[in-house]
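Listed below are the residues making up each chain.
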Amino acid sequence: MADSREARVPLGATLAKGLGPLEAEILGVIWDMGQATSRDVFEKMREKKRLGQSTVLTVLRRLTNRGILHRDAGGEVYVYSTTVSREELGGSLIDNLVK
C-alpha cells in the first residue's frame, strides 16, 4: 500500500512535463519485469550505467508521486508496478504535446 503522506498528482497533469531519460529507462525495466523491487531495478540498471541505489529510489519515488508507478508493500520491501501500459503512456505524452 502506498504511503498516505505522498502527494499524488493527476496523471494527465504530470505527463505534461514529459519523462526524463532516466525515468523512461526505469519504467522500461519495470514494464519488462512486470513488477520489481527497488533492488531489482537497481541491479538491472547497473548493467547499463553507473547509478547509485539512492538515485534509483529517488526516481521510483518521483514516478510514484506522479501516478505513473504504484508502490505496494510486499513484506519487508516495496514492490513497484506501472499504472499504465507503454501504449497508454505514449499516447498520453503525445496528446499533451499537441495541446
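Described in the following lines is the structure provided in the data block.

Conventions and cut-offs
Residues numbered from 1 in each chain as written. Predicted model: local features only at pLDDT ≥ 70, side-chain atom pairs only at ≥ 80, totals over all residues. Heavy atoms only, no water. Axes fitted to C-alpha atoms, helices over the stretch in contact; angles between N-to-C directions. Helix = DSSP H or I, 4+ residues; strand = E, 2+ residues; numbered from the N terminus. Parallel < 35°, antiparallel > 145°, perpendicular 65-115°, else oblique. Left-handed = near helix turned anticlockwise from the far one by under 90°. Contact = heavy atoms within 4.5 Å. Nonpolar A, V, L, I, M, F, W, Y, C, P; charged D, E, K, R; others polar. Salt bridge = Lys/Arg side-chain N within 4 Å of Asp/Glu carboxyl O. Buried < 20%, exposed > 50% of the residue type's maximum accessible area, 1.4 Å probe, protein only. Phe/Tyr/Trp six-rings, centres within 6.5 Å; stacked < 30°, edge-to-face > 60°. Lys NZ or Arg CZ within 6 Å of the ring centre and 35° of its normal. Pairing = 2+ DSSP bridges.

1. Looking at the packing of helix α2 (residues 21-33) against helix α3 (residues 38-46)
Now for step 1: Across the interface, α2 lies against α3 with an axial gap of 10 Å and an inter-helix angle of 115°. Considered as vectors, α2 and α3 are oriented roughly perpendicular to each other. Regarding α2 and α3, the two cross each other, and that crossing is right-handed. For the pair formed by α2 and α3, the contact residues are Leu22, Glu25, Ile26, Val29, Ile30 and Met33 on the first element and Asp40, Val41, Lys44 and Met45 on the second.
Now for step 2: Residue classes in the contact of α2 with α3 are distributed as 7 nonpolar, no polar and 3 charged.

2. Here we look at the pattern of salt bridges
Working definition: two side chains of opposite charge can pair if their charged atoms are close together.
Now for step 1: The final tally for this structure, using the stated rule, is 6 salt bridges.
Now for step 2: Note that Glu25 and Lys49 form a salt bridge whose closest N and O atoms lie 2.8 Å from each other. One end of the pair, Glu25, is in helix α2; the other, Lys49, is in the loop between α3 and α4 (53-65), and 24 residues separate them in sequence.
Now for step 3: When its relative accessible area of 31% is taken as the criterion, Lys49 is described as partly exposed.
Now for step 4: Measuring nitrogen to oxygen at the nearest pair gives 3.7 Å for the salt bridge that ties Glu47 to Lys44.
Now for step 5: Taken together, the shared-partner salt bridges in this structure form one network comprising Arg39, Glu43 and Arg46.

3. Quick word on the packing of aromatic side chains
Now for step 1: For the structure shown, the criterion picks out 0 aromatic pairs.
Now for step 2: Over the face of the ring belonging to Tyr78 we find Arg71, whose NZ or CZ atom lies 3.8 Å from the ring centre.

4. Examining the sheet that holds strand β2 (residues 69-74)
Now for step 1: Spatial strand order, β1-β3-β2: 3 strands in an open sheet with antiparallel pairing. Of all strands in the sheet, those bounded by a partner on one side alone are β1 (36-37) and β2.
Now for step 2: When β1 meets strand β3 (residues 77-82), the two strands line up antiparallel, connected through 2 bridges. Across the sheet, the residue bridging to Thr37 is Val79, located in β3.
Now for step 3: The strands touched by α2 are β1, β2 and β3; relative to β3, the strand with the most contacts, the crossing angle is about 90°.

Everything listed is a geometric property; what it means functionally is a separate question.
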